[in-house]
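Now for the letters of each chain:
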Amino acid sequence: MKFDIQENFSSPKELNITSVLPVDSFHTQVDSSLSWGSRSSYSQQETNEPTATTNSYNSNNGYGLVNAGTAVSKAAGVSPYPDAPKLGGNNWGADMVNAPTAWQNGHTGQGIIVAVLDTGVDYNHEDLNDNIWTNTKEIAGNGIDDDGNGYIDDIQGWNFDNNNNNVLDNNGHGTHVSGTIAGENNGSGVTGVAFNSKIMAVKVLDQNGSGSYGNIANGIRYAVDNGADVINLSLGGNASNNTLKSAIEYAGNKGVIVVMAAGNDGGSTPSYPARYAYDSGIAVGAVNKSNQLTDFSNRSGSQEIKYVTAPGEDIYSTVPNNQYANYSGTSMAAPHVAGVVALMLSANPNLTEGQVRDIITSTAENDPNPQQPSQPSNPMPSLPFPFPIPIDLLPFGLIDIGSAFPIGFQAQSTIPLPPIVLSVGNNNLKLSFGDFGTKTPNLESLNQQNDDRLVSLVSQSLSRSYGSSVVKYSIASDGDIEEEELFKKR
């Protein structure tokens, strides 16, 4: 398969991207066999810029680390709960947001529906199958829209990418997000932050983690209209979009809380839609086990918005076919906060969207002198990647989930770049630059099997360099589509 990135390219599969990034840009997989680049290094200018700080908000990590124990007790209108023992092991993320304290006091997300707008969900996974929302007003398989909501046989949600009721995850990103929110408390695998909540699967991204603003907006409205209490958006883009903004406002007006990944650009402000958190929803940045903002996480910015942090590095969770994997990214941080919101609503379902936002931020734990994000030991130019990426990947009009490549949401370079071609085949990645009117000079050829990390970082950098709303991104297939797996989580 060949991936072409050019300013002018004619193809029947051409994708005109306006500024939504893929899922993979918001997360990267950590795996013994393949190590995707997990960061977008800060420029020296960004690293040295001063931090704007108010009483509890600063321009690096917003209001700081979310605290489920304190937030849930405040939501319930009682004195702060004493801290509960930690779980340890792979559940360190739930420990870090203090979820066990809420559980110890009877709040586990019971009765709360969390819509995951993503690549779909493996609703057959042994650690999720008892926590999947079903549409009880619909009769399965009769070909009739029994509940009159405009969607036929939407038993477990809706697929806005293919306009059908198949919401199974064909990427892995959405299932990973779902496990962090509602993985079952069954003594194995992973325990979700709100392990008794229900996951509503709303597929708005394709197998590559790409999607459109329109589909995402429609997915938000579907989730709201069909009973979701919380919506998780581990995706994003590099430009504002009124249709998407209106959908998020619609959710807030209906009392539904939208939780949005901040993006993996290492930028000074969140990507969209997380940047809308000044008015609606909650933006989430990623920290590591030491509660240090990761180098890939977009920061909160000097304009005060509802921005908190949560674990987002090396997060263990569910992936399709009863498997588990470690991913990193703000895509992994957002579901921790979505889970905390579910705990709050299970303690007090009468909370308004505004009250939830205020409680989350007022109970978050901010370091008055937060550390600057760490720098890679050998930083390389970072680029956005055009493949499966949740929120941070694509600089185009599509949304990619950022599962393996943190693609930049915002254009970082002011220097015009020549057209770039990425050719993939036989475990080989070839990068070419030059004037396509003449012979294309070959930059370098890398072997994916032996240079996993280098391939990943170079790919990210190329993508980020093309983080422009005017770029056209096209995929021209010249063979086996399975070669696309080279750029997916494994």
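Residues numbered from 1 in each chain as written. Predicted model: local features only at pLDDT ≥ 70, side-chain atom pairs only at ≥ 80, totals over all residues. Heavy atoms only, no water.

**Some thoughts on the pattern of salt bridges**
The criterion, for reference: One side-chain nitrogen of Lys or Arg within 4 Å of one carboxyl oxygen of Asp or Glu is enough to make a salt bridge. By the criteria applied, helices consist of DSSP H or I runs no shorter than four residues and strands consist of E runs no shorter than two, each listed in order from the N terminus. Think of it in three bands: residues with accessible area under 20% of the maximum for their type are buried, residues over 50% are exposed, and the middle band is partly exposed, with areas taken using a 1.4 Å probe on protein chains only.
Inspection of every chain in the model, using the stated rule, returns 2 salt bridges. In this structure, the salt-bridge partner of lysine 245 is glutamate 249, at a minimum N-O distance of 2.5 Å. Pair noted here: lysine 245 and glutamate 249 are both in helix H7 (residues 242–253), with a separation of 4 residues, about one helical turn. When its relative accessible area of 24% is taken as the criterion, glutamate 249 is described as partly exposed. Put simply, lysine 306 and aspartate 358 hold a salt bridge, and the shortest N to O gap is 3.0 Å. Here the residue lysine 306 occupies a position in the loop between strand E9 (282–287) and strand E10 (307–311), and aspartate 358 occupies one in helix H9 (residues 353–362), the gap between them amounting to 52 residues. Overall, the relative accessible area of 16% leaves lysine 306 in the buried class. The partly exposed category is assigned to aspartate 358, whose relative accessible area is 42%.

**Describing the UniProt feature "active site" (unreviewed entry) in the protein chain**
For clarity, the cut-off: UniProt positions are given in the numbering used here, feature names are shortened, and annotations may be inferred rather than shown by experiment. Pairs of N or O atoms are called polar contacts if they sit within 3.5 Å, as long as, within protein, a hydrogen donor faces a hydrogen acceptor (for residues adjacent in sequence, only side-chain-to-side-chain pairs).
Residues annotated by UniProt as "active site" (unreviewed entry) correspond here to Asp118, His173 and Ser331. Despite a sequence span of 214 residues, these residues sit close together in the fold, their greatest C-alpha distance being 10.1 Å. By the element assignment, aspartate 118 lies in strand E4 (residues 113–118). For aspartate 118, a relative accessible area of 0% gives the class buried. Within the structure, aspartate 118 has its side chain in polar contact with the side chain of threonine 119 (distance 3.5 Å). Along the polypeptide, serine 331 turns up in helix H8 (residues 330–347).

**Quick look at the sheet that holds E10**
In plain terms, the rule: Two strands pair under a simple rule: DSSP has to find at least two bridges between them. For helices, the fitted line uses only the C-alpha atoms of the stretch in contact; every axis is such a line through C-alpha atoms, and the angle between N-to-C directions lies from 0 to 180 degrees. Contacts are assigned to residue pairs with any non-hydrogen atoms lying within 4.5 Å of each other.
Pairing within the open sheet is parallel, and its 7 strands lie in the order E5-E6-E4-E7-E8-E9-E10. Both outer strands of the open sheet, strand E5 (157–159) and E10, are each paired with one neighbouring strand and no more. Sheet twist, expressed as the mean angle between neighbouring strand axes with direction ignored, is 25 degrees. With 3 bridges connecting them, E5 and strand E6 (residues 198–203) associate as parallel partners. Each bridged residue has a counterpart across the sheet, and for tryptophan 158 the counterpart in E6 is valine 202. Lying on the sheet, H9 is in contact with strand E8 (257–261), E9 and E10; it crosses E9 at an angle near 25 degrees.

**Looking at the nonpolar core**
What counts here: Each nonpolar core is a collection of buried residues, namely Ala, Val, Leu, Ile, Met, Phe, Trp, Tyr and Cys, held together in the definition by side-chain atoms within 4.5 Å.
Formed by 101 residues in total, the largest nonpolar core has its most connected members in Ile220, Ile231, Leu233, Val341 and Met344. Here the element with the most residues in this core is H8; it accounts for 11 residues. Apart from the residues within four sequence positions on either side, isoleucine 220 is in contact with Leu117, Ile231, Leu233, Leu244, Ala247, Ile248 and Ala251.

**Brief notes about the packing of H8 against H9**
Describing two packed helices takes the angle between their axes plus the distance from one axis to the other. The test is simple: Definitions for this section: a left-handed crossing has its near helix turned counterclockwise from the far helix by less than a right angle. A right-handed crossing has that turn clockwise. Polar here means any residue other than Ala, Val, Leu, Ile, Met, Phe, Trp, Tyr, Cys and Pro, which are nonpolar, and Asp, Glu, Lys and Arg, which are charged; Gly is therefore polar.
Running from N to C, H8 and H9 point in directions that differ by 115 degrees, and their axes come no closer than 11 Å. Two packed elements cross with a definite hand, and for H8 against H9 that hand is right-handed. In this structure, H8 contributes Val340, Val341, Met344 and Leu345 to the contact, and H9 contributes Val356, Ile359 and Ile360. Residues belonging to the contact of H8 with H9 are distributed by class as follows: 7 nonpolar, no polar and no charged.

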